[in-house]
Structures are given as C-alpha cells and as structure tokens.
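Fold and geometry: a report
Chain residues, written in single-letter form:
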Amino acid sequence: MKTYVQVLFVLLLGVLLAACSLREDAASLYKQEHVLQIDIILPDPVVLHESQSYQARLEQNGSMVGDAQDVSFTFWKYGTPEQTEEIVARNEGNGIYSVEKALESDGLYFVKVHATANGSTVMPTKRFAVGELSPEEEASLQPEHQHHHGHDGHH
C-alpha cells in the first residue's frame, strides 16, 4: 500500500512539473506572437452618393505593416447582414490600406477589416452612422440595459 502511494505521488509530481513547463513554453510562445493592430479610419464626414476612401492602419510590434496579406473591407447596413460587399484593399504604403466606397442611403453601417500579417489574423469591426437613423437603428446604439422597454413587470 505504501509503495502505491509513493508511485502515485511521483506520478502526480511528474504531471505538475510537466504542466509548469508547458505553461512557461506557452508564455514564451505568446510573447513571440505579436498581435496585429488595426485602426479603421472613416471619411469625416461620410457623404452619401460620393466615392470616399476608407482606410485601415496596420501596426505590429510597434511598427507599420507594409506587407500584410489578404487585406479586405466588408461593408453592410444594419438589419441586412446578408447583404455584404467585400472590397479588396489597395496597399498605400507605410501600413495604410484603403478602399473606395460610395454609400447610397442614410442609416447605420458596419465595416469589417480582415487582414493577415506574419501569422496573425484579425477582423475588427467598426460601426458608423450616416445621415438620419431609423428609431430601430437609434435603439441599437443605446447601451444594452436600455433595450428592455416595458418588460420590468410593472403594468
């Protein structure tokens, strides 16, 4: 019985040591993989029916990324996520990638930038309003806790 406990203890100790070394490896691997940062720059102001430049500024490891792969912008309007338009970005140099896009109607829009650089892929999304918003679009911009009108049990 005593040997069984000793064997169990040695096995347990081995597992704990292995787990510690795995965690250290994971931490050093994580430090090596520097996440791609993307700053989405919208036209200011956004004007309807006019082709305007939408830009993404890519940075990694504190320096601009001039050789990112698969940089594209996807646009869609609130309430119609199935109607997306994807545009491949043009490399402007110095970490700036851009597309030209004209919006045809007022409303709440979303733009998602998809980019890959040095093994890191990110897909940030930014929402922006153009012109007049519908009451439904306005409501979607409110913080989550303000969405529940009339459901608090008071009649």
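Residues numbered from 1 in each chain as written. Predicted model: local features only at pLDDT ≥ 70, side-chain atom pairs only at ≥ 80, totals over all residues. Heavy atoms only, no water.

With the rule as written, the count across this model stands at three salt bridges. For Arg 57, the salt bridge is made with Glu 59, and the minimal N-O distance between the two is 3.5 Å. The salt bridge partner of Glu 85 is Lys 101, with a shortest N-O separation of 2.4 Å. Taken together, the residues span a long stretch of sequence, with Glu 85 in strand 5 (residues 85-88) and Lys 101 in strand 7 (residues 96-101) at a distance of 16 residues. (Salt bridge = Lys/Arg side-chain N within 4 Å of Asp/Glu carboxyl O. Helix = DSSP H or I, 4+ residues; strand = E, 2+ residues; numbered from the N terminus.)

On to unusual backbone geometry, then. Pro 45 follows Asp 44 through a cis peptide bond whose omega is 0 degrees. Phi at Asp 70 is positive, roughly 55 degrees, even though this residue is not glycine. In this structure, Asp 70 sits in strand 4 (residues 69-77). Of note, the phi angle at Asn 94 is positive, near 55 degrees, even though the residue is not glycine. Within the element layout of this structure, Asn 94 appears in the loop between strand 6 (90-93) and strand 7.

Attention now goes to the packing of aromatic side chains. If you walk through the whole model with that rule in mind, you get five aromatic pairs. Aromatic pair Tyr 54 and Phe 75: ring centres 5.0 Å apart, planes at 75 degrees, arrangement edge-to-face. With Tyr 54 in strand 2 (residues 52-60) and Phe 75 in strand 4, this residue pair connects regions lying 21 residues apart in the sequence. For the pair Tyr 54 and Phe 75, one class covers both residues: buried. Aromatic side chains Trp 76 and Phe 110 sit 5.4 Å apart centroid to centroid with 10 degrees between the ring planes, which places their arrangement in the stacked category. Of the two residues, Trp 76 sits in strand 4 while Phe 110 sits in strand 8 (residues 107-117), which places them 34 residues apart along the sequence. (Phe/Tyr/Trp six-rings, centres within 6.5 Å; stacked < 30°, edge-to-face > 60°. Buried < 20%, exposed > 50% of the residue type's maximum accessible area, 1.4 Å probe, protein only.)

With 71% of its residues at a pLDDT of 70 or more, the chain has an overall mean of 82. In this model, residues 150-155 is a region of pLDDT below 50 whose contacts with residues beyond four sequence positions or in other chains number zero contacts. (pLDDT = per-residue confidence, 0-100. Contact = heavy atoms within 4.5 Å.)

This next bit is on the nonpolar core. Counting 24 residues, the largest nonpolar core has Leu 36, Ile 38, Leu 58, Val 71 and Phe 73 as the members making the most contacts within it. Of all the secondary-structure elements, those providing two or more residues to this core are strand 1 (37-41), strand 2, strand 4, strand 7, strand 8 and strand 10 (125-130). A per-element tally of this core places strand 8 first, with five residues. With residues up to four places along the chain from it excluded, the contact list for Ile 38 reads Ala 56, Arg 57, Leu 58, Val 113, Ala 115, Val 122 and Pro 124. (Core = buried A, V, L, I, M, F, W, Y, C linked by side-chain atoms within 4.5 Å.)

Turning to its location among the elements, Glu 50 is positioned in the loop between strand 1 and strand 2. For Glu 50, a relative accessible area of 42% translates into the label partly exposed. Contacts of Glu 50, omitting those with residues within four sequence positions, involve Lys 101 and Ala 102.

Right, let's get into the pairing of strand 2. Each regular strand carries side chains that alternate between the two faces of the sheet. Burial along strand 2 is one-sided: the residues Gln 52, Tyr 54, Ala 56, Leu 58 and Gln 60 are buried and none of Ser 53, Gln 55, Arg 57 and Glu 59 is. For strand 1 and strand 2, the ladder comprises five bridges, and the chain directions are antiparallel. In the sheet register, Asp 39 faces strand 2, and the bridge partner there is Arg 57. Bridging between strand 2 and strand 7 involves six bridges; their strand directions are antiparallel. Residue pairing for strand 7: Gln 55 is matched across the bridge by Ser 98. Where strand 2 hands over to strand 3 (residues 63-64), the hairpin turn is made up of two residues, of which Asn 61 adopts a positive phi near 60 degrees. (Pairing = 2+ DSSP bridges.)

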